[in-house]
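# Descriptive analysis of the structure
Chain by chain, the residues:
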Amino acid sequence: MLKTNSILDVVGNTPLVKLNKFLKPARFDLYAKLELLNPGGSIKDRTATKMLLEALKQGQINQQTTIIESSSGNLAIGLAQACAYLNLKLICVMDINSTLTNRRLVEIYGATIDLVIEADPYSGGFLQARVNRVNQLLDLVSNSFNCNQYANVNNPKAHHQTMAEIANELSNKVDYLFVATSTCGTLRGCAEYIAQEGLNTKIIAVDAQGSVIFGDKPKKRLIPGHGAGIVPELFQPNLSSSHILVSDLDCILGCYQLLEREAIFAGGSSGAIASAILRYEEVIPSGSTYTF
Ligand SMILES: Cc1ncc(COP(=O)(O)O)c(C=O)c1O
C-alpha cells in the first residue's frame, strides 16, 4: 500500500520482519512486527486513530470538541497527529517522567500539554495523578471528551487488525505471541481475535517490574511505554497464558541486542520483549513460530 488518501491511512499494515540473527542457534522462527514504522512512531497510533474515528462516527465528538487524554507519550503523539489531521483540539495530560522528545513531538502537532509534576499521594503513582487531572479538566472545559484508553473497547478493537495482519502473513501459524502491556488494549485485542478465529496461539504478556497489572509491588519505573500503576479496566486475567516481568536495565540490554544482532533500533517495550524472549527461549519447543 504505497498510495493513500491521508496520513491516517498509513497507520497499521506494518512489516513483519524475520529475525534470522537474534537467536543463536535458532530453534524456531521469530518475527518482529515493526510498529515503529507507524507514522507517529508506535503501536499506539492504531489505538489513537481507532478511538477518534469511532467517537466521530458515533457522534460522541464533533469539530468543536476538545479531546482530553492521559498518556506517558506514545498515545499522546498518535492522538496529536490524528487530531491535527481531523482539526480537533487536544489537551494531553503528561507527567514529568515523559521524555522531552515526546513532549516536543506532541507540541509540534499543535496539542496543548498539561504537565503533572506530583505523584498521586495515595497510590504514589503518576498514572493515577494524571487520571485525577483529566477528571478535573473534563469538569472545567466545556464540550470535552476523554477517550479513556484504559477502558475504551475501541482500544482492543484496533488490535483485532494488528493480530489479523500477523495471522494472515503467517498463514495462521503463530505458536507464540509476545505482547507488551500497559492499558492491555493490544493484549486483549489480539486475544479476542485469536479466540474468535480459533487460532492455536499462546500469548505471553510482557510487563515491567514494578507495574501492578499482574500483581507486582509498585515501584519507580524509568522506561515509558509498557507497565501501569493501576490495573486497567480492559485487563482480564485469562488473556495470556503467562507473563514475564522485565527490569528497566533488561529493557535497555534487549534494545542493544536487537540493534547489534538485527540492526533494528526500537524502543523500550520492544527491548523488554527481546529480553523476555531470550529468557523464555529454553521453554519454547523447536520448530515453533513466534512473533512480537
Ligand atoms: C511503545 C508501546 N508499546 C506497548 C504499549 C502497551 O500497549 P497497550 O497500552 O495496548 O497495553 C505501549 C503503551 O503505551 C507503548 O507505548
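Residues numbered from 1 in each chain as written. Predicted model: local features only at pLDDT ≥ 70, side-chain atom pairs only at ≥ 80, totals over all residues.

## Brief notes about the overall build of the protein
Helix and strand content of the protein: eight helices and 10 strands. Taking 292 residues into account, the globule formula puts the C-alpha radius of gyration at 19 Å, and the protein, at 18 Å, falls close to it. Within the protein, the fraction of its 292 residues that count as buried is 46%. Long-range pairs, those at least 24 residues apart, make up 67% of the contacts in the protein between residues at least 6 apart in sequence. (Helix = DSSP H or I, 4+ residues; strand = E, 2+ residues; numbered from the N terminus. Rg over C-alpha atoms; globule rule 2.2 N^0.38 Å. Buried ≥ 20, exposed ≤ 12 C-beta atoms within 10 Å, placed from the backbone. Contact = placed C-beta atoms within 7 Å.)

## Points about the pairing of strand 7 (residues 176-180)
When you tally the buried positions in strand 7, you get five out of five residues, the bulk of the element. Side chains Tyr176, Phe178 and Ala180 project from strand 7 onto one buried face, and the interleaved Leu177 and Val179 project onto a second face that is buried too. Here strand 7 runs beside strand 8 (residues 202-208); their pairing, made up of five bridges, is parallel. Paired with Phe178 across the two strands is Ile204, which belongs to strand 8. One crossover worth recording links strand 7 to the parallel strand 8 by way of helix 6 (residues 185-197), and it is right-handed. Sheet analysis places strand 7 next to strand 10 (residues 289-291), joined by two bridges and oriented parallel. (Pairing = 2+ DSSP bridges. Right-handed = clockwise from strand over helix to strand, strands pointing away.)

## Re the domain arrangement of the protein
When its domains are assigned, the protein resolves into domain 1 (7-39 + 153-291) and domain 2 (44-145). Taken over C-alpha atoms, the centre of domain 1 sits 24 Å from the centre of domain 2. Taken together, the contact pairs 20 residues of domain 1 with 22 residues of domain 2. In terms of residue class, the side of domain 1 that touches domain 2 is made up of nine nonpolar, 10 polar and one charged. (Domains from an automatic or database assignment. Nonpolar A, V, L, I, M, F, W, Y, C, P; charged D, E, K, R; others polar.)

## What to know about helix 5 (residues 154-169)
With 16 residues, helix 5 extends 23 Å between its outermost C-alpha atoms, agreeing within 8% with the 22 Å of an ideal straight helix rising 1.5 Å per residue. For helix 5, the complete set of buried residues consists of Asn154, Asn155, Pro156, Ala158, His159, Thr162, Met163, Ile166 and Ala167. Those residues of helix 5 hidden inside the fold are in contact with strand 1 (16-18), strand 2 (29-33), helix 1 (44-57), helix 6 and strand 10. (Expected span 1.5 Å × (residues − 1).)

## Side note on the packing of helix 7 (residues 248-262) against helix 8 (residues 268-280)
For the pair helix 7 and helix 8, the least separation of the axes is 7 Å and the interaxial angle reads 85°. The angle between the axes of helix 7 and helix 8 places the two elements in the roughly perpendicular class. Of helix 8, the residues touching helix 7 (which contributes Asp250, Cys251, Ile252, Leu253, Gly254, Cys255, Gln257 and Leu258) are Gly268, Ser270, Gly271, Ala272, Ala274 and Ser275. The class makeup of the residues in the contact of helix 7 with helix 8 is seven nonpolar, six polar and one charged. (Axes fitted to C-alpha atoms, helices over the stretch in contact; angles between N-to-C directions. Parallel < 35°, antiparallel > 145°, perpendicular 65-115°, else oblique.)

## Quick notes on the site of the ligand
Around the ligand, a shell composed of 17 residues is seen, among which Asn74, Thr183, Gly185, Thr186 and Ser269 lie nearest. At the level of elements, helix 2 (74-86) and helix 6 are the ones that each hand at least two residues to the shell around the ligand. Take the shell around the ligand: its biggest share by element is three residues, from helix 6. Residue classes in the shell around the ligand are distributed as five nonpolar, 11 polar and one charged. Counting only domains with at least three residues in the shell around the ligand, you end up with domain 1 (7-39 + 153-291) and domain 2 (44-145). (Near = placed C-beta within 6 Å.)

## Re the sheet that holds strand 3 (residues 66-70)
Taking strand neighbours across the sheet as the criterion, the four strands line up as 5-4-3-6 in an open arrangement whose pairing is parallel. If you trace the sheet from one side to the other, it starts and ends with strand 5 (112-116) and strand 6 (144-145), each paired once. Here strand 3 pairs with strand 6 via two bridges, running parallel. Within the sheet, the bridge partner assigned to Ile67 lies in strand 6 and is Phe145. Packing of helix 2 onto the sheet brings it into contact with strand 3 and strand 4 (89-95), and relative to strand 4 it is tilted by some 170°.

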